[in-house]
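Inside the fold
Chain by chain, the residues:
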Amino acid sequence: VTVAIPIWQERISPVLDAAARLLVVRQRRGAAVERREVTLGVLTPQTLARSVAELGVEALLCGAVSEGLRRALESEGIRVVSDLCGEVETVLRAFARGRLHREDFAMPGCWRRYGQPEVSSRCRTARRPPKRRPAKAR
Amino acid sequence: MPQDLDDQLLDSVPDGVFTVDTEWRVTSFNRAAEHITGIRRQDALGRRCCEVFRASICESACALKQTLATRRPVVNKVVYIVNAAGQRIPISISTAVLRDARGRLVGGVESFRDLRLVEDLQRQAQAQESFSNIIGRSAAMRKLFEMLPVVAGSDSTVLLTGASGTGKELVARALHELSPRRAKRFVAVNCGALPDTLLESELFGYAAGAFTDARKDKPGRFALAQGGTLLLDEIGDISPAMQMRLLRVLQERVYEPLGGVEPVQADARIVAATNKDLRQLVREGRFREDLFYRIHVVRLELPPLRDRREDIPLLVEHFVTRFNRLQGKDVAGVSDAVLARLMEHDFPGNVRELENVLEHAFVLCRGGLIELAHLPAHLRSGEAAGPSGLPAGLTLAAMEKLLICDALRRHEGNHAAAARELGVNASTLFRKVKRLGVARPTARRAEGRPRR
């Protein structure tokens, strides 16, 4: 799978819409087999989404993203996992192991303790509820 | 002050406020900040500010970082944030440093204001001041804005009258865009620019073999505007023969392309425009009366700019924004002196002239405000003189002094003659000369013999 992640100071860039650098990693069986970094200019959501799709990206892990850009990316067939934060390498490892749902990777505001009613429909936790509760969350 | 009092104080502020420590961790987050960002205080506290605030500048030009580095506040910088619901929210931010009781730097404070309401209000205000790119808030323009949708909804022929540069084509386009024909084409023909034969082939097209070099069919403007709108600009300038042909098309809704044998159905909404007084042309026998009444179904008159001077500031703002966008400049607007000059100018070329004046100024102005020096010569030449020929900005006393000096110079210092010309008594003039400190003209003494 080819995964992209906007980066800033070795961490996930806080806002995808304003990110300047994008790391594109091709993973095979959880290990990175190819990495490259591209610079993102000031682009419209459609142009940015098209550029990301042209890089062969299948999944994009990012922090905050505007609805317009999310829609543009999804219409290009890219799976968007948003509202993430943390160090890039840790996030990539967690993605490869299917552990992105951990609370440490959640931006504030989009992560509620499971079962709470005010979980935003936008948050990835709401769309993909974890199978088990992390012990630390209690 | 106890902590909860601090919180109460911050919560009473309508702007979003948060503070950070020197590690960029959020240390307080007020209720308005919760509301604007969609993030609860308990979720925000202790987190990195960029993960909570998610502003467009977090990565590239963090205002708090700048303030903490320079110790200088940032005031009303406009950026956007992406809130918890994924909406881009325009905000204006201000930052300052935070110090403890001993004056040591302990972090920074950022306040931010949601600009959505302001933008909504601006949009509403602009909507009232423009209509399909036609700008104006004067009574004449408001009346026009009210009429446009109604007229556009009908299929009647419209006659647009108004001086050159008043925006007749803009109105014609607006009529098309607002009409049920908007999905089809808007085609404009300048009837005054073409000789008869050319205009005929331009309007009706020709069939192959109609004349030498007519190797294949060429559709005319009527065919191109089929189902859409056809603007016949400068209709007052067409020849009597052409008027006759046009009348037939308008009456029977059919025409024959040059060299063609089959009549073609004309289905275009006709908008005619002219800067001439058609009624006068009819009286002079230069315009067919029947054609006049055929096109004079609904008449919209566009006022000259001198009759709606109150729209000039709005138009200036519109063109400044437009030229900034087109030329990638950052001109803030025009100076008060320039606006005053534009307001007193008669603009014989109307809005087009104003547009050209500002385009000229944009070439010369590198940024900041457009000044008098950036205006074209015909507006700048009167820099020192007002409409009366007198320098602008004079006081009454200065004007009096100037007129007395002038009269004395013309009469070579002869007070009696100057007083006669000015319509005052010689002794009054003497008194005024003394009071105003008018210098005696030297002409006679220099050229003639000395008095003593």
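Residues numbered from 1 in each chain as written. Chains lettered and ligands numbered in written order. Predicted model: local features only at pLDDT ≥ 70, side-chain atom pairs only at ≥ 80, totals over all residues. Heavy atoms only, no water.

What to know about the overall build of chain A
Across its full length, chain A holds four helices and six strands. For chain A, the N- to C-terminal ordering of α and β elements is β-β-β-β-α-β-α-β-α-α. A buried classification covers 46% of the 138 residues belonging to chain A. If you take every contact in chain A between residues at least 6 apart in sequence, the share linking residues at least 24 apart comes to 45%. As presented, chain A carries roughly 7,200 Å² of accessible surface, and 47% of it is formed by carbon and sulfur atoms. (Helix = DSSP H or I, 4+ residues; strand = E, 2+ residues; numbered from the N terminus. Buried < 20%, exposed > 50% of the residue type's maximum accessible area, 1.4 Å probe, protein only. Contact = heavy atoms within 4.5 Å. Areas by Shrake-Rupley, 256 points an atom, 1.4 Å probe, with all protein chains shown as cover.)

Notes on the sheet that holds strand β16 (residues 298-301) of chain B
Residues and elements named next belong to chain B. Taken together, five strands build an open sheet; the order of strands is β9-β12-β15-β8-β16 and the sheet is parallel. In this open sheet, the two edge strands, each paired with only one partner strand, are β9 (186-190) and β16. Direction aside, neighbouring strands of the sheet carry axes that sit 20 degrees apart on average. (Pairing = 2+ DSSP bridges. Axes fitted to C-alpha atoms, helices over the stretch in contact; angles between N-to-C directions.)

Topic: the side chain of Thr157(B)
All names here are of chain B. One can find threonine 157 in the loop between α7 (139-153) and β8 (158-161). Residue class for threonine 157 comes out buried when judged on its relative accessible area of 8%. Non-local contacts of threonine 157, meaning those with residues more than four positions away in its chain, are made with Arg253, Ile270, Arg294, Ile295, Val297 and Val298.

Description of the packing of aromatic side chains
Residues and elements named next belong to chain B. For the coordinates displayed, the defined rule picks out 10 aromatic pairs over all chains. Relative to phenylalanine 222, the ring of phenylalanine 204 has its centre 5.5 Å away and its plane inclined at 10 degrees; by these criteria the two rings are stacked. With phenylalanine 204 in helix α9 (residues 196-204) and phenylalanine 222 in helix α10 (residues 221-224), the pair connects residues that are 18 residues apart, well separated along the chain. Considered together, phenylalanine 204 and phenylalanine 222 belong to a single accessibility category, that of buried residues. By the ring-pair criterion, three or more aromatic residues cluster together here, those being Phe18, Phe29, Phe53 and Phe112. Against the face of tryptophan 24 rests lysine 65, its NZ or CZ located 5.8 Å from the ring centre. (Phe/Tyr/Trp six-rings, centres within 6.5 Å; stacked < 30°, edge-to-face > 60°. Lys NZ or Arg CZ within 6 Å of the ring centre and 35° of its normal.)

Quick look at the pairing of strand β5 (residues 105-114) of chain B
Residue and element names in this part refer to chain B. Two elements, strand β1 (residues 16-21) and β5, share six bridges in a ladder whose sense is antiparallel. Counterpart to valine 20 in the pairing with β5 is glycine 108. When strand β4 (residues 88-99) meets β5, the two strands line up antiparallel, connected through nine bridges. Bridging from a neighbouring strand, threonine 95 pairs with glutamate 110 of β5. The turn joining β4 and β5, which pair antiparallel and follow one another in sequence, is formed by five residues; a positive phi near 85 degrees is taken by glycine 103.

Observations regarding the packing of helix α14 (residues 312-327) of chain B against helix α15 (residues 336-344) of chain B
Residues and elements named next belong to chain B. α15 packs onto α14 with a crossing angle of 120 degrees between their chain directions and a minimal axis gap of 10 Å. Comparing their axes, α15 and α14 come out oblique. For α14 against α15, the interelement crossing comes out right-handed. Contacts between α14 and α15 involve Ile312, Pro313 and Val316 on the former and, on the latter, Leu339, Leu342 and Met343. Within the contact of α14 with α15, the residues separate by chemical class into six nonpolar, no polar and no charged. (Parallel < 35°, antiparallel > 145°, perpendicular 65-115°, else oblique. Left-handed = near helix turned anticlockwise from the far one by under 90°. Nonpolar A, V, L, I, M, F, W, Y, C, P; charged D, E, K, R; others polar.)

Concerning the interface of chain B and chain A
Listed by partner, the interface residues are 20 residues for chain B and 27 residues for chain A. Summed over both sides, the interface between chain B and chain A buries roughly 1,900 Å², with carbon and sulfur atoms accounting for 51% of that surface. Interface area lost by chain B to chain A is led by Glu51(B), Arg54(B) and Glu59(B), which between them contribute 33%. Our enumeration of links across chain B and chain A arrives at three salt bridges. Close ionic contact of Arg11(A) with Glu51(B) constitutes a salt bridge, the shortest N to O distance being 3.1 Å. Counting across the interface, chain B meets chain A through eight residue pairs in polar contact (both at pLDDT 80 or more). Within the residue set of the side of chain B that touches chain A, elements represented by two or more residues are α4 (49-53) and β3 (74-82) of chain B. Of the residues forming the side of chain B that touches chain A, the biggest block, three residues, is contributed by α4(B). (Buried area = accessible area lost by both parts, 1.4 Å probe. Salt bridge = Lys/Arg side-chain N within 4 Å of Asp/Glu carboxyl O. Polar contact = N/O pair within 3.5 Å; in protein donor to acceptor, adjacent residues only side chain to side chain.)

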